[in-house]
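Secondary and tertiary structure notes
Next come the chains, spelled out residue by residue.
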Amino acid sequence: MNISGGSLPVMSDAGEGGKVVSAALAKKQQQVEGKAALALIDAASTNSAAQSPAQSTTATLGNNINVYV
């Protein structure tokens, strides 16, 4: 996510109107990025809660030994 204002179009020599438009665009971009970040966090927390914890693969290692004579 880019939260810097460097990539936003700035109207030069447009006076105060250009500054207001530029600020409004920056605010709108930050709101959209914030909503996307919250949706990503929500999706990540929902998926991790739904998954069952992984079972240890070494818990049963060595319990069964096949011996052939």
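For the structure itself, look to the data block above.
Throughout what follows, the structure given in this document is the object of discussion.

Points about the overall build of the protein
Counting its regular elements, the protein contains one helix and zero strands. With 69 residues in all, the protein has 9% of them scored as buried. Carbon and sulfur atoms make up 60% of the accessible area of the protein, which totals about 6,200 Å².

Details of a nonpolar patch on the surface
There is a patch of nonpolar side chains on the surface, built from I65, V67 and V69 and spanning about 430 Å² of accessible area. Along the polypeptide, I65 turns up in the segment after α1 (16-50).

Reading guide: rules and limits
Residues numbered from 1 in each chain as written. Predicted model: local features only at pLDDT ≥ 70, side-chain atom pairs only at ≥ 80, totals over all residues. Heavy atoms only, no water. Helix = DSSP H or I, 4+ residues; strand = E, 2+ residues; numbered from the N terminus. Buried < 20%, exposed > 50% of the residue type's maximum accessible area, 1.4 Å probe, protein only. Areas by Shrake-Rupley, 256 points an atom, 1.4 Å probe, with all protein chains shown as cover. Patch = residues over 30% accessible without salt bridge, like charges linked within 9 Å, V, L, I, M, F, W, Y side chains within 5 Å. Salt bridge = Lys/Arg side-chain N within 4 Å of Asp/Glu carboxyl O.

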